[in-house]
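Okay, here's what each chain looks like letter by letter:
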Amino acid sequence: MKTQDLLDQFVQEARECLERIGQRLLAVERDPANRELLNDLFREVHTLKGNCGLFDFGALEHLVHAAEDLLDRVRDGQIAYRPALADTLLDAMDHTGTLVDRIARDGRLDGEDPAAATLAQALRLHLTAPDPAPRGEAAAPPPRAMPDWLSALPDGERPAGAVAVTYAPEPGCYFKGEDPWRLARCAPGLRHLAVHAPTDWPPAPEAFDCYDHRLSFRLVCDAPLAAVQDHFRYVPEQVDCVVLASERADPAARSVPANDADPALVALRHHARALWTAQGELLARPGVAAASVESARRVLERLARILGLDAADSLAGLAPGAVPLATWAREHHPDGAAAADRTTDESVAPPAPRLGAASAASPSAEEGHSGDRGPRVLKVSQDKIDRLMDLIGEMVVAKNALPYLAARAETQFGQRELAREIKTQYSVINRIAEDMQHAVLQVRMLPVGTVFQRFGRLVRDISRKLGKEVELVLEGEDTEADKNVIESLADPLIHILRNSLDHGIEPPDARRAAGKPATGTLRVSARQEGDRVVLEIADDGAGIDTRRVRAKAVERGLIPADRADALTDAEAVQLVFLPGFSTAESVSDLSGRGVGMDVVRTAVERVNGTVALSSMAGAGTTIRLSLPLSMAVTHVMMIETAGRRFGVPMDLIVETVRVPAEDIHHFKQSQTVVLRGRIVPLRSLNALMGLDDPPRPNPEGEHAVLVVRLGGETIGLVVDDFDGTSDIILKPLEGVLAGLTGFAGTALMGDGSVLMILNPRELI
Amino acid sequence: MGIRYTRTHAALEGDIAVDDAEALALWLRAQRRPAVALKAVGHVHSAVLQVLLALRPALRSEPTDRWLRAALGLPPVPPSEGEPA
């Protein structure tokens, strides 16, 4: 691989890494106690650092390394994760992104980068000045004196690697709905549980208050420390967990060689044996599925390797099916064949060799590494997919030529037989082409979650800046749509979110005064409705002040004052979509730069989408975007006027009607027709396009009227005739035609002719 | 399920909630020879456990739950009932 390729790959991976790190950072901030997330975060940063190390990007590596060190300490519980730390990390990762961009641009990263050095310094500062109040039990130094009550226990009740817990609930705990006794007895892997009464126990019956909790509990749990801590996660300050060392006279630990005395190892081996037994039980079940057998085989193979059994090789030669595998598992059970029948076995410790250097790695981590294979994913650049898409588009067009060919064979050459064969072949090719098109469209489908990902950060940053408390709720991230649609969504959505944060959601005080929870909710949801994706952005803020909107629209000269007053509230709200409308009193950093909702509407309409807005004063605003699933194929209705054929996008068309000429009302220059009790203004397409021919009615004296919907209004276009519908691949106008208005683009038809697709929005 | 008070003892049956603790304490204190039957008891709330430990009523019957037996200072395997926890 050439250096350039390697570099490209590095940049791509680094960006992906950074994106995931960004998400993780936010997730961890919400849930700092989640060790899984922290581990994930650490792994991502670690990967990034490793990648940096391949090249000589000193500044970058230095920065990422500092972040890694910090996260390592956070992960160990030596430093608590807190907002200030998160800010520094986010800043550092932002800058890392900038550096990566620079590498992508220049192909190198020269010299020192002062900003990176400063950020690295800031990260190191967190490292050296740990939090004054570190987080609960995790902050305690690992080697600790065993509680004295332990020595009074029989050996069997304190296996090495078990966790000794001293749990002292607070006196008023019943009033918080706690039941310490239940919590204690439900502890994972409970081996011993004793109730410890205070020294003045039992109290005098008269002085005894049954709702004043005086007892404390002493437990020994044969479970991983993390599981025990998780069990007591609501009362971390009331428990004191100590992992029992092996030299505390545990017979199981003594029987293994001295260098295996590590309690973690013993515990791991114990779990490995339990897993082995569990596989045997699974296989012994009647009618076990083939997939389960396969996974059991894999688990056994890995266990055998971990436990150092030389039986791993014989496993490969085993006949398929559950029975041979079950027999094998029983014969090779690490505790001997006899032990396999027992469910669990604590007392027997087989002389298994040491796990090697990876003594700290748990079996699950081991499996996580090799289990990463997962579904195979190919990374393909978008150009290639687009090229494929173009080719299929051409193929669709070429295929559409076959019916014409069949018609010619029949009419011109009188070959009916041949014409029928061509048609048969056509239907086959048609089916394949449609499948191909569908398949490529699927490739281009992306979950909307890819756009949503950025919102977490955005909302966090903006709400912090504005001093507002906002909870972002994302729904339907899995909803898929074409990549182009998704990408065209990003900017409008961000704009809408900013608007909601800036104008919609009130500061906490105002919210409380209005009787709402201090934390505002911003809900972004996506779902599929037919062949469209519907996105809703709803906030529970103040809603749009229609009085102000009216006043502003009049002040800006967008609408006459008398008309503004005549509007209903629901109509007045729509004024925000007018170009040049912005209600923000002052130009803030976020929104209100004169770029208003009209930009959103334009951007959405560019991809054939629609925007709808509804607002309730005091209750919030909801913006609804409806977008096509895919833009690649457009349904058009073909029409004829003045002897020319045109296409009109299907999604604009409400209906097609034939109107008798005498039903058309003429009023000065304008024409209208009443359709189902509604007055629909009529425009002649010929006139709109500057064609001099008058509209041609059909022999019955009826005009063909195409009723289209343009942003909430319906307009009738008078044309000469309708010509059926067609699926086309829309090509935008290019070159000298690019400036042409009134047309959405062109499409190549099956007979080789070019169909111009109208854009009625621009025409009218 | 809850506590059934008889003339001679209080029979704790099923899960005993926190609300029952006070009534049980009052009743036990009012008795000359307080006694409880724990044979059919399920889970007892910490407050109830505390009442049992503080007032030490005589046991008409023993509980079967291993951890409750341990908490009350009873031998781990019930000798007469023979029902393991």
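Every residue gets a number counted from 1 within its own chain, in the order that chain's sequence is written. As they are written, the chains are lettered A onward and the ligands numbered 1 onward, keeping that order. Since the coordinates come from a predicted model, pLDDT governs what is reported: local features require at least 70, and pairs of side-chain atoms require 80 or more to be given and counted, while whole-chain, interface and lining totals use all residues.

Attention shifts here to the confidence of the model for chain B. Residues and elements named next belong to chain B. Values of pLDDT, which run from 0 to 100, indicate the predictor's confidence residue by residue. Of the residues in chain B, 88% have a pLDDT of 70 or more, and the chain-wide mean is 82. Residue pairs qualify as contacts under a 7 Å threshold applied to their C-beta atoms, which are placed from the backbone. Low pLDDT, under 50, characterises residues 80–85; the stretch is placed with eight contacts to residues that sit more than four places away or in other chains. On the interface metric, ipTM, the complex scores 0.88, and its pTM is 0.43.

Residue and element names in this part refer to chain A. Across the sheet, which stays open at both edges, the four strands sit in the order 2-3-1-4 with antiparallel pairing between neighbours. On the outer flanks of this sheet lie strand 2 (190–196) and strand 4 (239–243), each paired with one strand and no other. Direction aside, neighbouring strands of the sheet carry axes that sit 15° apart on average. We treat two strands as partners when DSSP finds at least two bridges between them. For helices the rule is a DSSP run of H or I covering at least 4 residues; for strands it is a run of E covering at least 2, with both sets numbered from the N terminus onward. The sheet contact formed by strand 1 (residues 163–167) and strand 3 (residues 216–221) spans five bridges and is antiparallel. The residue of strand 3 that forms the bridge with A164 is V220. Each axis is a line fitted through C-alpha atoms, and for a helix only the stretch in contact is used; angles between axes span 0 to 180 degrees, taken between their N-to-C directions.

Quick look at the nonpolar core now. Buried Ala, Val, Leu, Ile, Met, Phe, Trp, Tyr and Cys residues whose C-beta atoms connect them within 7 Å together make up a nonpolar core. Exposure criterion: with C-beta atoms placed from backbone coordinates, a residue whose C-beta has 20 or more other C-beta atoms within 10 Å is buried, one with 12 or fewer is exposed, and one in between is partly exposed. Judged by nonpolar contacts, the single largest core of 70 residues is most densely connected at V163, V165, L219 and C221 of chain A together with V51 of chain B. Residue ranges labeled as domains rest on an automatic or database domain assignment. Viewed by domain, this core spans two of them, domain 2 (138–253) and domain 3 (255–357) of chain A, each represented by three or more residues. L472, I496, I544 and A564 of chain A belong to the second largest nonpolar core, which has 36 residues in total.

For helix 4 (residues 83–106) of chain A, with 24 residues, the first-to-last C-alpha span of 34 Å sits near the 34 Å given by 1.5 Å per residue. At the C-terminal side of helix 4 of chain A, G107 of chain A shows a positive phi close to 75°. Residue count minus one, scaled by 1.5 Å, sets the expected span of a helix.

We now examine unusual backbone geometry. The phi torsion at R676 of chain A lies on the positive side, around 50°, for a residue other than glycine. Note that R676 of chain A resides in the loop between strand 16 (670–675) and strand 17 (678–684). R676 of chain A gets classed as exposed once you count the C-beta atoms within 10 Å, which come to 7. The residue R56 of chain B is not glycine, and still its phi comes out positive at about 45°. Of note, R56 of chain B is situated in the loop between helix 2 (46–55) and strand 6 (58–61).

Here we come to the interface of chain B and chain A. On the chain A side, the residues contacting the 19 residues of chain B number 19 residues. If you list the elements that add at least two residues to the side of chain B that touches chain A, you get helix 1 (20–30), helix 2 and helix 3 (66–71) of chain B. Ranked by the residues each element gives to the side of chain B that touches chain A, the list is headed by helix 2 of chain B, at eight residues. Taken together, the residues that form the side of chain B that touches chain A break down as 12 nonpolar, four polar and three charged. Gly is put with the polar residues, along with every residue not named as nonpolar or charged; the nonpolar set is Ala, Val, Leu, Ile, Met, Phe, Trp, Tyr, Cys and Pro, and the charged set is Asp, Glu, Lys and Arg.

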